[in-house]
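Each chain, written out:
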Amino acid sequence: MNEGNGMETTSLYEQPERKVAVSAPSTVPKEHPKKPPGLVPIVALCLAVSFGASLATIIGYDHWYAQKVVAVDIKGYIAQQRDNYLAGKLNDDELKRSFDRLETVITAIPKNRVVIMGDAVVRNAETVKP
């Protein structure tokens, strides 16, 4: 590929050799290998992870799966609405809305709650007020 003008040309596929300068090795101090952690930190970490996982499991189970008893005083609520209606404090539409609200409150109770009548509860049960 020499055309006679004294200049040498190279094709795209023929690249001239390039020399890379190699520097002398530097005097970087070598790092000492790290010691593995002792037995006490490993045991402490295992205990902390185990305790955290157990606590999260118990809280999750109690919140979403464990059955709980809930009391709803339907009988007392109906008696109160009847008294208010007979006294003229409620009209027909307000009475219907109050019973719709009672139904909404009862259907909004989560599935892991056992619903019983409020007059059957003696103590220590959560009571839902409609």
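As a reminder, the structure under discussion sits directly above these lines.
Residue indices begin from 1 for each chain and proceed along its sequence in written order. Only residues with pLDDT of at least 70 are given local features in this predicted model, and only at 80 or more are side-chain atom pairs given and counted; all residues enter the totals for whole chains, interfaces and linings. Note: side-chain values were computed over all heavy atoms of the structure, leaving out hydrogens and water.

Draft legend 1. Spatial organisation of helix 2 (residues 74-86). Strands are runs of DSSP state E lasting at least 2 residues, helices are runs of H or I lasting at least 4, and numbering of each runs from the N terminus. Helix span, expected: 1.5 Å multiplied by one less than the number of residues in the helix. Along its 13 residues, helix 2 runs 18 Å from first to last C-alpha, staying within 8% of the 18 Å computed at 1.5 Å per residue. N-cap assignment for helix 2: the residue whose side-chain oxygen lies 3.1 Å from the backbone N of glycine 76 is aspartate 73. Counted as a polar contact is a pair of N or O atoms within 3.5 Å, where, for protein atoms, one must be capable of donating a hydrogen and the other of accepting one, and residues adjacent in sequence contribute only when both atoms are in side chains.

Draft legend 2. Region of the structure containing a nonpolar patch on the surface. Together, Leu39, Val43 and Leu47 line one region of the surface with nonpolar side chains, adding up to about 320 Å² of accessible area. Summarising the element assignment, leucine 47 is placed in helix 1 (residues 39-64). Each patch groups residues whose relative accessible area exceeds 30% and which form no salt bridge, using 9 Å between like charges and 5 Å between nonpolar side chains of Val, Leu, Ile, Met, Phe, Trp and Tyr. The method behind every accessible area is Shrake-Rupley, applied with a 1.4 Å probe, and residues are considered shielded solely by the protein chains displayed. Any carboxyl oxygen of Asp or Glu within 4 Å of a side-chain nitrogen of Lys or Arg constitutes a salt bridge here.

Draft legend 3. Highlighting the sheet that holds strand 1 (residues 68-72). Pairing between strands requires that DSSP locate at least two bridges from one strand to the other. Across the sheet, 3 strands lie side by side as 2-1-3; this open sheet has parallel pairing. The open sheet has two edge strands with one neighbour each: strand 2 (113-117) and strand 3 (126-128). Direction aside, the axes of adjacent strands within the sheet are offset by 35° on average. Here strand 1 pairs with strand 3 via 3 bridges, running parallel. Looking at strand 3, one finds that valine 72 is bridged to valine 128. Note on geometry: axes are lines fitted to C-alpha atoms, helical ones only across the stretch in contact, with angles between N-to-C directions running from 0 to 180 degrees.

Draft legend 4. Examining the environment of asparagine 112 more closely. Mapping asparagine 112 onto the fold places it in the loop between helix 3 (92-107) and strand 2. Only protein chains enter the accessibility calculation, which uses a 1.4 Å probe. A residue is then buried if its area is under 20% of the maximum for its type, exposed if over 50%, and partly exposed in between. Of the residues examined, asparagine 112 reaches a relative accessible area of 8% and is grouped as buried. Sequence separation between asparagine 112 and valine 69 is 43 residues, and the spatial gap between their C-alpha atoms is 8.8 Å. Contact definition: two residues touch when any of their heavy atoms are within 4.5 Å. Discounting chain neighbours no more than four positions away, the residues touching asparagine 112 are His63, Trp64, Tyr65, Ala66, Gln67 and Lys68. At 3.3 Å, the side chain of asparagine 112 forms a polar contact with the backbone oxygen of histidine 63. From its side chain, asparagine 112 meets the backbone oxygen of alanine 66 in a polar contact 3.3 Å long.

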